[in-house]
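Structural characterization, general
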Amino acid sequence: MNAKAKPKSNFAPYMLIAPFMVLFIVFTLVPLIQAVPLATHHTFGPSATQYVGFEKFSQALHDPRFWTAMRNTLLFTAGSVFIQLPVALGLAMLLNKPGIKGRGFFRLLFFSPQLVGLVFVAVLASVMFQKQKGLVNSLLAGGADWLRGLPLLHANSWLPSRSDLLGIPWLETLALPTLIITALWMYAGFNMVYFLAALQNVPRELEEAAMIDGAGPWKRFTNVILPSIRPVGIFVVLLSVIGSIQVFELAYIMLREGVGVQDKGLTLVTYLFKSGFEIGDLGYATAIGWVIAVMLAAAAVTQRVLQRREMTA
Amino acid sequence: MIALALISGAWILVDGSREHSGELSMWTFAEPHYAIYVPAVKEWNAGQHVPVDMHLIGRQVMDRRLLGGFLGSVPTADVIEAERSTASLAFAGPLEAVGFVDLTDRLRAEGILDVLNPPSLSPWTYGGRVFGIPHDVHPVMLGYRADIVEAAGIDMDSIETWDDLFEALRPLQSKAGDGGSGVDRYIMSIWDSESDMIETLLLQAGGGAFTDTGELAIDRDVNVEKVARMVSWMVGPDRVATHVPEFSPTGDRLKVEGHALCYLMPDWMCNVWRRNVPTLEGKVKVMPLPAWEPGGRRTSVWGGSMLGIAKTTKDIDAAWAFAKHLYLSEELALELYRVGDIVTPVREHWDNPLFDEPDAYFSGQRKGRMYIDLAPDVPLRAATPYFTQARAAVQNAVSRTRTEAEKAGIYDAKSIEPIARRQLELAQREVASLIERNAFHRDSVAKGGDE
């Protein structure tokens, strides 16, 4: 008998992606579609809505707090990219050195903030950075006292007083640098893992060949290592940019009212949250959300373009 | 994981103890309030009443859930005890969209309006309608380290104004290294990051971000002058103010060390001190706030809560009966003071001898009576959905003024005034544009203008 082969069922793939698609449609696609009319309305519940056109966007463009939030977000992003990632790469290179002892321990140590989670790190940091009794200011004041005790340094003439050091307002007017430092603590180890994985894939022969050709450490770094880890580097940079644009929890937990003093720690997502859920102006919050969405889309497109260029190179 | 999820889900479904026992539900946000209400609710449920199921939930959680209820018809409790910033969320839309039941007619018909301290009603009165029963008065006094001040032979009774206070206590200021107290010691705990304290002092002066009728007036003269004076306390090598944060272990440690001698002390703060810094028992006293000018107001207000009934409740009459039982009974009023140090807004209970009892924590002072004596002078506060934002804008203005004055080396109040005015004008514009974004508000202003 020549039994006809049964056609393969196409049902299974759809079943497999169904759970994701349901969640995606309910929690992403539908809200995204609803966000279009919402940004053009002033609302207070379903019964009280008023069409205002593109007024919310225009108001955002003329709102100084929006621009403060934008500036802070971009500065935080710059801090992530230009401070956090070089530190992560540096740590990865240190741990990638052949013959280094305790590699696993240090890897765990640097990665540990990820294990305890963002909220824990933020709460801990907010205690450490407090004025008067916080660990950071106490260490600075203690260090200054020690320097004052050293002969020949004349530390009293150039060091700030103990009171000034104990009163450094990390969580107030220095909110943004404090957020950047805390994010460094939180994410440097995380990014280090990516870099370490990439570094371990750099062919040792290439480095050795460069050494034989007389390349020094800097030349080897710029001409051998960096080009080899570039695809991972691009990925990590863009991941950091996207994550930084969305920064919210750190500021919300660490800073008074989530923004610090003088709006020094106000970020775009915090402003969105405050507009939507503290004032109830969902239209304005949605308009800010669209601005963030455009920024994220731009970052994602940049990543795609750079990745394609990398692949075709 | 799936098995775990299924088991826990099934557990929640069948767990009878999680079901609401009452037909009415109530939310409160403050643990001390909850502790006081538990016996009262039990007693209520034991009687022939519609039973109530009370829940303690975090304030921020309540904010989100209440806003969700008002904006998206998500279920809320029937009876809601809300703090001022939470309750004000209800007032962001048109008057008819306020999510709380309008209680004005009931309060008036039953004569309750007459027995309540009038300033306590103002934060819950929007568009001339009252949307909640007030929980408290929250008059503010000045708490001070009596042990240190009295040991120096300073007579606090002779102090009438803020200037008097700083002049009298200045000899007690010291730096850790100068051989004095061994710690940095300042006269007053107030700082530019503390929006509540700034608001309290502006209200005392008759200022504040809004007028009594709810108009935005951040940059009015009284605010400019008082902000300049406050900033003058915080700047310069001889500043008299320092930052002792409330509700933090750091702040509690600084209080014990005597880092600051004087503190703004609303009635509820007495309870916070009693719980968090018990070692200061017998070392602290309270006195009426020093006035800004001779003959001026000797108190202010800080905080406040109300009990409102959600419009979505099925049995408004039952909720109303319960709300009255909880907030207006003498028994509860006395318990509120006994356990929470909070003075009731129901004036007819003020004569109770409980308020005359000496308080050991406050060096034997009859502090209940002292707070009650000040209660009628508590300033009015308008109900507005923007007060949190306006308060933050004022605080930012104070902070910027301080930074600018400190940088320029300007330390006297009169010279700080131009900076304060500029910063307060900026704050005024910022909040005005925020209000302007509210299309409903624009409409109501336009309608008002047409009339």
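I will try to describe carefully the structure that is included in this document. From a predicted model like this one, the values you see are computed outputs, not experimental measurements.

Below, the discussion takes up the sheet that holds strand β9 (residues 241–242) of chain B. All names here are of chain B. Across the sheet, which stays open at both edges, the five strands sit in the order β9-β8-β10-β7-β11 with mixed pairing between neighbours. In the strand order of this sheet, the two ends are held by β9 and β11 (284–288), each with one partner. As paired strands, strand β8 (residues 186–189) and β9 are joined by two bridges and run parallel to one another. Bridged to Met188 within β9 is Ala241.

Moving on, we come to the sheet that holds strand β6 (residues 133–134) of chain B. All names here are of chain B. What the five strands build is an open sheet, ordered β2-β1-β3-β12-β6; its pairing is mixed. The open sheet has two edge strands with one neighbour each: β2 (52–56) and β6. Here β6 runs beside strand β12 (residues 305–309); their pairing, made up of two bridges, is antiparallel. Following the sheet pairing, Pro134 is matched in β12 by Met306. Running over the sheet, helix α3 (residues 59–72) touches β1 (24–28) and β3 (79–83) and is turned about 120 degrees from β3. Running at roughly 160 degrees to β12, helix α14 (residues 316–328) makes contact with β1, β2, β3, β6 and β12 of the sheet.

Looking now at the side chain of Thr161 of chain B. Residues and elements named next belong to chain B. As for its placement among the helices and strands, Thr161 is situated in the loop between α8 (146–151) and α9 (162–169). Since its relative accessible area comes to 6%, Thr161 is described here as buried. What Thr161 contacts, discounting residues up to four positions off in sequence, is Pro290, Ala291, Glu293 and Pro294.

All right, on to helix α11 (residues 221–234) of chain B then. Residues and elements named next belong to chain B. When the terminal C-alpha atoms of α11 are compared, their 20 Å separation across 14 residues agrees well with the 20 Å that a helix rising 1.5 Å per residue should span. Among the 14 residues in α11, 11 count as buried, and that is most of the element. Asn223, Val224, Lys226, Val227, Ala228, Arg229, Met230, Val231, Ser232, Trp233 and Met234 are the residues of α11 that are buried.

Another point: unusual backbone geometry. Negative phi is the rule for most residues except glycine; trans is the rule for most peptide bonds. Residue and element names in this part refer to chain B. The backbone of His138 shows a phi angle near 55 degrees, a positive value even though the residue is not glycine. By the element assignment, His138 lies in the loop between β6 and β7 (140–145). His138 gets classed as buried once you look at its relative accessible area, which sits at 5%. One non-glycine residue, Ser363, lies in positive phi territory at about 55 degrees. Here Ser363 is to be found in the loop between α15 (330–340) and α16 (367–374).

Another aspect to go through is the interface of chain B and chain A. In many analyses, interface size is given as the accessible surface area lost on bringing the parts together. Each partner contributes to the interface: chain B provides 44 residues, whereas chain A provides 36 residues. In total, about 3,400 Å² of surface goes out of reach between chain B and chain A, with carbon and sulfur atoms giving 50% of it. Residue Glu257 of chain B is joined to Lys133 of chain A by a salt bridge in which the shortest nitrogen-to-oxygen separation is 2.7 Å. Listing elements by their share of the side of chain B that touches chain A, those giving two or more residues are α3, α10 (195–204), α12 (249–257), α17 (387–408), α18 (413–436) and α19 (439–450) of chain B. Here the side of chain B that touches chain A is built from residues that sort into 14 nonpolar, 16 polar and 14 charged.

Scoring rules and cut-offs
Residues numbered from 1 in each chain as written. Chains lettered and ligands numbered in written order. Predicted model: local features only at pLDDT ≥ 70, side-chain atom pairs only at ≥ 80, totals over all residues. Heavy atoms only, no water. Pairing = 2+ DSSP bridges. Helix = DSSP H or I, 4+ residues; strand = E, 2+ residues; numbered from the N terminus. Contact = heavy atoms within 4.5 Å. Axes fitted to C-alpha atoms, helices over the stretch in contact; angles between N-to-C directions. Buried < 20%, exposed > 50% of the residue type's maximum accessible area, 1.4 Å probe, protein only. Expected span 1.5 Å × (residues − 1). Buried area = accessible area lost by both parts, 1.4 Å probe. Salt bridge = Lys/Arg side-chain N within 4 Å of Asp/Glu carboxyl O. Nonpolar A, V, L, I, M, F, W, Y, C, P; charged D, E, K, R; others polar.

Spatial relationships are all this shows, so hold off on functional conclusions.
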